[in-house]
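What follows is the residue order along each chain.
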Amino acid sequence: MSLDSVNIPAHVAVIMDGNGRWARARGKQRHTGHRAGVKSVRMTVEAAAERGVSHLTLFAFSSENWRRPEEEVSSLMGLFVEALRREVGELHRNNVRLRFIGAREELSAGLVKKIGAAEAKTAGNTGLKLNVAIAYGGRWDLVNAAKALASNVKSGALAIQDIDAKALSAELQLADTPDPDLLIRTGGEQRISNFLLWDLAYAELWFTDVLWPEFDKQEFDKALAFFAAKQRRYGHTGEQVEAAEC
Ligand code: FPP
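Focus on the overall build of the protein chain
What the protein chain contains, in helices and strands, is eight helices and six strands. Its helices and strands in sequence order give the protein chain the pattern β-α-α-β-α-β-α-β-α-α-β-β-α-α, from N to C terminus. Against the 2.2 N^0.38 benchmark of 18 Å for 246 residues, the protein chain shows a C-alpha radius of gyration of 19 Å, consistent with a compact globule. Looking at the protein chain as a whole, 45% of its 246 residues qualify as buried. The long-range share in the protein chain, meaning contacts at least 24 apart out of those at least 6 apart in sequence, stands at 74%. When the accessible surface of the protein chain is split by element, carbon and sulfur atoms take 51% of a total near 12800 Å².

What follows is the structure, given as structure tokens:
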């Protein structure tokens, strides 16, 4: 199917899985897989921009990934710093706006500084909106939102009866971003793994056995073709949706 004329998702979220297995299958350390994964990140960002996706959110490190061996955690953190140093200039030249979501207070001062500088540099860019989730968990995000709502109620700024889905969404990390239309997960597992639990409510889910370091533009296009063939009903019947499209 040609992707030129079809429905492109406005927001694509990606769980990048399989770096460790890719490396092990080659008799290499897990870290080699993560390094190889950076190339797939670059390709996916390019593909998203070329295809007209407006928001791309990548799950780079979960709240639970802190449980990995210390050596792997610190090499991943080093890789994030290095990727920021190497890639931000090019992202900026391509008009990409970069933002980070997650528990920033858990990260090293050096990484937080790089993140802040990358966000500030690209803040005015109007092209692809790229969100990178580091030290992020969907439950953490929801707990924070609940705390913010409770605090607003306590201060009198919000009445309990005014708490609704819109009010809660406004307190989430991706508050000003449309919900993901499509979730891609590589690496063969079919689960959400505490990613954007609230935001993914109506996302189409696409899973591939391809390991993240082997994910490329062709695979990305397969996910877009899968999305284009879906009818999104949001609780309506198929007949209602077809009537509205006429
Ligand atoms: C999951 O594979 C991958 C990660 C926990 C890290 C993702 C990080 C990158 C792709 C590096 C660069 C990212 C950015 C944004 C610059 P896994 O280790 O769980 O693989 P496995 O399931 O095969 O063990």
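A word on helix H3 (residues 70-93)
Taking 1.5 Å of rise per residue, 24 residues should cover 34 Å, and H3 covers 35 Å from first to last C-alpha, within 8% of that figure. Roughly 45° is the biggest bend found in H3, and it falls at Glu87. Three or more residues of H3 are buried, namely Glu72, Val73, Ser75, Leu76, Met77, Leu79, Phe80, Glu82, Leu84, Glu87, Val88 and Leu91. Where the residues of H3 are buried, they touch helix H2 (30-51), strand S2 (55-62), strand S3 (97-101), helix H4 (109-122) and strand S4 (129-136). Directly beyond the C-terminal end of H3, a positive phi value near 65° is found at Asn95.

Overview of the packing of H3 against H4
Running from N to C, H3 and H4 point in directions that differ by 15°, and their axes come no closer than 10 Å. On the basis of their axis angle, the class for H3 and H4 is roughly parallel. The element H3 and its partner H4 pack so that their crossing is left-handed. In this structure, H3 uses Met77, Phe80, Val81, Leu84, Arg85, Val88 and His92 to contact H4, whose residues at the interface are Leu111, Lys114, Ile115, Ala118, Lys121 and Thr122. When its residues are assigned to classes, the contact of H3 with H4 shows eight nonpolar, two polar and three charged.

A look at the site of the ligand
For the ligand, the set of nearby residues contains 19 residues, the closest of which are Asp17, Gly20, Arg21, Arg30 and Arg68. Contacts to the ligand include Arg21, whose backbone N or O atom sits 2.7 Å from an oxygen atom. Protein contacts shield 90% of the accessible area of the ligand, which totals 630 Å² for the unbound molecule. According to the grid-proximity analysis, the pocket containing the ligand is the largest pocket. Elements with a minimum of two residues in the shell around the ligand: helix H1 (19-25), H2 and H3.

What counts, and at which threshold
- Residues numbered from 1 in each chain as written.
- Predicted model: local features only at pLDDT ≥ 70, side-chain atom pairs only at ≥ 80, totals over all residues.
- Heavy atoms only, no water.
- Helix = DSSP H or I, 4+ residues; strand = E, 2+ residues; numbered from the N terminus.
- Rg over C-alpha atoms; globule rule 2.2 N^0.38 Å.
- Buried < 20%, exposed > 50% of the residue type's maximum accessible area, 1.4 Å probe, protein only.
- Contact = heavy atoms within 4.5 Å.
- Areas by Shrake-Rupley, 256 points an atom, 1.4 Å probe, with all protein chains shown as cover.
- Expected span 1.5 Å × (residues − 1).
- Bend = angle between axes of the 7 residues up to and from the residue.
- Axes fitted to C-alpha atoms, helices over the stretch in contact; angles between N-to-C directions.
- Parallel < 35°, antiparallel > 145°, perpendicular 65-115°, else oblique.
- Left-handed = near helix turned anticlockwise from the far one by under 90°.
- Nonpolar A, V, L, I, M, F, W, Y, C, P; charged D, E, K, R; others polar.
- Near = heavy atom within 4 Å.
- Polar contact = N/O pair within 3.5 Å; in protein donor to acceptor, adjacent residues only side chain to side chain.
- 1 Å grid on protein atoms, 1.4 Å probe; cavity = no way out; pocket = protein on both sides within 12 Å on 5 of 7 lines; lining within 4 Å.
- Sits in = over half its atoms within 2 Å of the grid points.

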